Amino acid sequence: MNDLAPEESSLRCGRFVLSLARPLVMGVVNITPDSFSDGGEYLDADAAVEHARELAREGADIIDIGGESTRPGAEPVSASEELKRIMPALEGLRTLGVAISVDTSKPDVMRAALAGGADMINDIWAFRAEGAFEEVAPTNAAVCVMHMQGQPRTMQVAPHYDDVVGEVGSFLKERALAAKRLGIDDDRIVIDPGFGFGKSLQHNLCLLRGLKDLAGLGWPVLVGLSRKSMLGTITGRGVGDRVHASVAAALLAVINGARIVRVHDVGATRDAIAVFQALHTLS
Ligand code: HH2
């Protein structure tokens, strides 16, 4: 566990050392035909790179690229298909000047992405595939370990917890300690409760309220609430019309201790965090 409070520490992230003194924004670029909010929009590598450049201009600290949708019911794709989608974009993003994260659960994809210059591996399966942590350990890349109950295809059928914050916290601690045992230092580890991954609206809200407990584990907490269906349930709005709710959710997450927010709408989120930060640093 980190001795420093997350806001006093930094994240070693490949070519970068990112200060956590202010909350960081991770911009999402899905290079997939079927992602729930931007599926099909950036399937072409040039379009993906151009979108990532736009998110960087809006102030993203990290760009997260993914080649496989994880929305409930999504069809799995092969490692070769995933690589075909992400590698040309990764190549084009090397010179962007912001950290590049690759959202994958496959050790083969991790290996190629790290060789291609990825600064972070973001794994919704928390590196439970055999050999996954071993791919990242000898590099300088950061890892994001995320909690998910069940598998993407069926995870929303009947999620159940006795104590959602406690159970998610225990899982994340166990996975972070597993990373450490394989030689990944604390300053390369990020934890994520996995909003919407095997969780009802009630579970998601309990986690948002209980985020401070997860932050108290000692690793920086990353949160992905952007445009997710829980916000649709709360507001009654479709996926393309959830920017305001997403910004509110990101801000609440930051207030409750998140240090990184994974979002589609970078500029709007950056503005909200700037207001938070102005108040937070007032002397
Ligand atoms: N959510 C999604 C994908 N990856 N990674 C982390 N660490 N945390 C998250 O909450 C998270 C994630 C799902 O969102 P999105 O990428 O927009 O959609 P899709 O999975 O359909 O591509």
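Refer to the structure above for everything that follows.
Residues numbered from 1 in each chain as written. Predicted model: local features only at pLDDT ≥ 70, side-chain atom pairs only at ≥ 80, totals over all residues. Heavy atoms only, no water.

Chemist: Can you break down the overall build of the chain residue by residue, with the values?
Modeler: Counting its regular elements, the chain contains 10 helices and 10 strands. Against the 2.2 N^0.38 benchmark of 19 Å for 283 residues, the chain shows a C-alpha radius of gyration of 17 Å, consistent with a compact globule. Looking at the chain as a whole, 57% of its 283 residues are labelled buried. When contacts within the chain are restricted to residue pairs at least 6 apart in sequence, those whose partners lie at least 24 apart make up 67%. (Helix = DSSP H or I, 4+ residues; strand = E, 2+ residues; numbered from the N terminus. Rg over C-alpha atoms; globule rule 2.2 N^0.38 Å. Buried < 20%, exposed > 50% of the residue type's maximum accessible area, 1.4 Å probe, protein only. Contact = heavy atoms within 4.5 Å.)

Chemist: Break down helix α9 (residues 243–255) for me, with residues and values.
Modeler: Here α9 is 13 residues long and its end C-alpha atoms lie 18 Å apart, about the 18 Å a rise of 1.5 Å per residue gives. Residues of α9 that are buried include every one of Ala-245, Ser-246, Val-247, Ala-249, Ala-250, Ala-253 and Val-254, and no others. Remark: Gly-257 follows α9 within two positions and exhibits a positive phi of approximately 115°. (Expected span 1.5 Å × (residues − 1).)

Chemist: Before we move on, could you go through the sheet that holds strand β9 (residues 222–223) and cite the residues and values that matter?
Modeler: Picture the strands of a sheet paired through backbone hydrogen bonds; they go either parallel or antiparallel. If you trace the eight strands from one edge of the open sheet to the other, you get β8-β7-β6-β5-β4-β3-β10-β9, paired in parallel fashion. Looking at the sheet topology across the chains shown, the edges are occupied by β8 (189–192) and β9. In this sheet, strand β10 (residues 260–263) lies alongside β9 in parallel orientation, the contact comprising two bridges. By the bridge assignment for β10, Val-223 is matched with Val-261. (Pairing = 2+ DSSP bridges.)

Chemist: Give a description of the site of the ligand that names residues and reports values.
Modeler: Near the ligand you find 18 residues, and of these Ser-35, Thr-70, Asn-122, Asp-192 and Lys-228 are the closest. At a separation of 2.8 Å, an oxygen atom of the ligand approaches a polar side-chain atom of Ser-69. In this structure, an oxygen atom belonging to the ligand sits 2.9 Å away from a side-chain N or O atom of His-264. In isolation the ligand exposes 480 Å². Once the protein is present, 98% of that is buried. Among the residues forming the shell around the ligand, the class breakdown is six nonpolar, seven polar and five charged. (Near = heavy atom within 4 Å. Polar contact = N/O pair within 3.5 Å; in protein donor to acceptor, adjacent residues only side chain to side chain. Areas by Shrake-Rupley, 256 points an atom, 1.4 Å probe, with all protein chains shown as cover. Nonpolar A, V, L, I, M, F, W, Y, C, P; charged D, E, K, R; others polar.)

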